[in-house]
Amino acid sequence: MQEKITGSEALMLALKAEGVETIFGYPGGSIMPVYDALYDYTRGPKKAFDHILVRHEQAATHAAEGYARVSGRVGVAIVTSGPGATNTLTGVADAMLDSTPIVVIAGQVPIGALGTDAFQEVDLVGLAQPISKWSYQIRHAEDIAWAVSRAFYIARSGRPGPVVLDFPKNAQVETVEFKAEHVSFIRSYVAYPKLNEEAVQQAAELINSAKRPLALVGQGVELAGAQEELKSFLEKADIPAGRTMLGLSALPSNHPLNVGMLGMHGNYAVNLKEQECDVLIAIGMRFSDRVTGNLKTYAKQAKIIHLDIDKSEIDKNVKTDVAVVADCKESLPAITALLEKTSHQEWRDSFLPLNEKEREKVIEPAIHPKNGPLLMGEVVNAVAEQSPDDTVLVTDVGQNQLFATRYFKYHHQRSICTSGGLGTMGYGMPAAIGATFGGKRREERGEGSARTVVCFMGDGGFQMNIQELGTIMEQQCPVKLVLLNNNYLGNVRQWQDMFWQRRKSFTKMLNPCYELIAQGYGIAYEAVTDRKDLATAVKKMLATDGPFILECAIKEDDDVLPMTPPGKNVDDMMLEL
């Protein structure tokens, strides 16, 4: 007879069976049996995992997201019940909107105490259901192997996303004869829809007849690992391609068919050309309102082809003419095989005057100012120029995010971690921690070298999860933190100036001395107030082993341009205020 083990140890074995290597977490009363089992599985002969003790449960989920984004694997967070569990929900919602595969395992009171308002009891399954791919309560130890395998299968398959497992304490201490399970099929869940050959044929015919085709590339290409398939598709039919914020590293910045970033603060030419193209091919993106602007006028002149693995995204925002519902690693080569080799040089050339207009009015003044205070664009550009080609860009949310994503350079896949759909301030620092471990694990598996991780933050977002400097200190995560300090909640301030008669209601910030904070955590620090010192400071930051905080004193009213005002047409882009 097989030896019985506790449910907590069964969880360890189930996680090991799923290939888990790194866990981000925070212990507490209702998850203590699991943490007791984890003790043996993070050291000694049973060692299977690295456990990273974060300083807040929200950070555990964002770190798991950063890990997943860079490694291509499922991120894992373990927390306790009640406030520990509810603190993770922001990260769960963030992962859901951005299709990031994470599994959150939260302690719970014993099932006999459910419904009694027991200490730190909360209906986690009910709370998590609307914002996760699956949420489930493991009520008995005998269900652990099945539930964990199912959770990982759901999280990473199809359109990825977060799964939440509620783990009552009785199931943690019960004993069970453990046998690993492998879930690879769920009757009610079609992870990979069957490719419709007729839709493929229709898409190819539309593209072959197009005079002014335009591709919109989203994160779905990254999630599918279809970067090479994308390039083959674009190059055969000579199709210019814009990228969503989350899809920026799906196509290298220097690729000749890359025409920039889409959206409210994207590049001028590609946003205007969405209103001129005759065939619009959306690949692994969801037509976010920040991309389309006013839906009533969006791309009405164009035939719309939408490639997506998630059928629910088809016709949700933009009515399509041809929908190819499948993994784009399968759909792209199927369409490419039917495409005619062609050239659209005249159409591509029409982007150039608009690019030049944006460069003259926006880009050059932003990255090469002649005088005045430091600007965010020039700091991002200075870091991008000195960073290795495979650097991972992590951002927080706000102006720092918009400047960073616009002016950084992308040469390799999985090179960006940012909160797109939910726009979560405080995301940056913990996601950067997770990204360093994602890169480290890739190196250990022989999948590439560890990658430099650079995180841009504003002073508002920095303080939202500032306690994670403790995690960085303890782990000596080699994160390069670039603090763009303008003493404002910059993005809100910009909107107040533009749309609210300059009534700056509670956006001015009184900031602490970040140098003293860096000293307290033993993290290397440098401040830049004059642009003549910027390049040297960046070089020092990138050459430093371990973590580094580079604080840059930024012009207080530095504005992000171009901009499509909310509710306006996508081509109503402002190049100046």
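The numbers attached to residues start from 1 for each chain and follow its sequence in the written order. Where local features are concerned, this predicted model is filtered to residues with pLDDT of at least 70; where side-chain atom pairs are given and counted, the filter is 80 or more; whole-chain, interface and lining totals use all residues. Computation of side-chain values: all heavy atoms of the structure, hydrogens and water removed.

**Describing the pattern of salt bridges**
The test is simple: Any Lys or Arg side-chain nitrogen found within 4 Å of a carboxyl oxygen on Asp or Glu counts as a salt bridge. Here's how the labels work: a residue is buried when its accessible area is under 20% of the maximum for its type, exposed when over 50%, partly exposed in between, all with a 1.4 Å probe on protein chains only.
Under the counting rule described, the total for this entry stands at 25 salt bridges. Between Lys-273 and Glu-276 there is a salt bridge, and its shortest N-O distance comes to 2.9 Å. On the basis of relative accessibility, which here comes to 5%, the residue Lys-273 falls in the buried class. Looking at Glu-276, the relative accessible area reads 34%, which means it is partly exposed. Where salt bridges share partners, they join Arg-493, Asp-497, Arg-502, Lys-504 and Asp-559 into one cluster.

**With respect to the pairing of strand E13 (residues 303-308)**
Every other side chain in a regular strand lies on the same face of the sheet, so the side chains alternate between the two faces. Our working definition: We count a stretch as a helix when DSSP gives it H or I for four or more residues in a row; a strand needs E for two or more, and each element gets its number in order from the N terminus. The rule for pairing is simple: two strands pair if DSSP sees at least two bridges between them.
With 5 of its 6 residues buried, E13 lies for the most part within the structure. Note that strand E12 (residues 279-283) and E13 share 5 bridges and pair parallel. Across the sheet, Leu-280 pairs through a bridge with Ile-304, a residue of E13. The pairing of E13 with strand E14 (residues 322-325) spans 4 bridges and is classified as parallel. Across the sheet, Asp-308 pairs through a bridge with Val-325, a residue of E14.

**Side note on the packing of helix H1 (residues 7-17) against helix H2 (residues 32-41)**
Rules: Between N-to-C directions, angles span 0 to 180 degrees; the directions come from axes that are lines fitted to C-alpha atoms, helices contributing only their stretch in contact. Any angle between 65 and 115 degrees counts as roughly perpendicular, while under 35 counts as roughly parallel, over 145 as roughly antiparallel, and the rest as oblique. Crossing handedness is defined as follows: a turn of the near helix away from the far one that is anticlockwise and smaller than a right angle gives a left-handed crossing, while the clockwise case is right-handed. Any two residues having at least one pair of non-hydrogen atoms within 4.5 Å are treated as being in contact. Nonpolar residues are Ala, Val, Leu, Ile, Met, Phe, Trp, Tyr, Cys and Pro. Charged residues are Asp, Glu, Lys and Arg, and all others, Gly as well, are polar.
Packing of H1 against H2 brings their axes to within 8 Å, and their N-to-C directions diverge by 50°. One finds that H1 runs oblique with respect to H2. Handedness of the H1/H2 crossing: right-handed. Of the residues in H2, those in contact with Ser-8, Glu-9, Leu-11, Met-12 and Leu-13 of H1 are Pro-33, Val-34, Ala-37, Leu-38 and Tyr-41. Residues belonging to the contact of H1 with H2 are distributed by class as follows: 8 nonpolar, 1 polar and 1 charged.

**A closer look at the sheet that holds strand E11 (residues 258-261)**
In space, the 6 strands of this open sheet follow the order E11-E10-E9-E12-E13-E14, with parallel pairing throughout. The outermost strands of the open sheet, each flanked by one partner alone, are E11 and E14. The mean angle between the axes of side-by-side strands here comes to 15°, regardless of whether they run parallel or antiparallel.

**Description of the packing of helix H17 (residues 376-386) against helix H18 (residues 399-407)**
Contact geometry of H17 with H18 gives a least axis separation of 9 Å together with a crossing angle of 45°. Regarding the angle of H17 to H18, the classification is oblique. Crossing of H17 against H18: the hand is right-handed. From H17, Met-376, Gly-377, Val-380 and Ala-384 reach across to H18, where they touch Gln-399, Asn-400, Phe-403, Ala-404 and Tyr-407. When grouped by side-chain class, the residues that make up the contact of H17 with H18 number 6 nonpolar, 3 polar and no charged.

**Considering the packing of aromatic side chains**
Put simply, the rule is: Classification of ring pairs rests on two measures: the distance between centres of Phe, Tyr or Trp rings, Trp counted by its six-membered ring, which must be within 6.5 Å, and the angle between planes, read as stacked under 30 degrees, edge-to-face over 60 and tilted in between.
Counted by the stated rule, this structure contains 14 aromatic pairs. Seen in terms of ring centroids, Phe-287 and Tyr-298 are 6.1 Å apart; in terms of plane orientation they differ by 70°. Their pairing is edge-to-face. Residue Phe-287 is located in the loop between E12 and helix H13 (289-292), and its partner Tyr-298 is located in the loop between H13 and E13; the two are separated by 11 residues in the primary sequence. Summarising the burial analysis for this pair, Phe-287 and Tyr-298 share the class buried. Ring geometry for Phe-403 against Tyr-407: centres 6.4 Å apart, planes inclined by 25°, an arrangement best described as stacked. Residue Phe-403 and its partner Tyr-407 are located together in helix H18, separated by 4 residues, close to a single helical turn. Of the two residues examined, Phe-403 and Tyr-407, each falls in the buried class. A network of ring pairs unites the aromatic residues Phe-24, Tyr-67 and Phe-437 as a single cluster.

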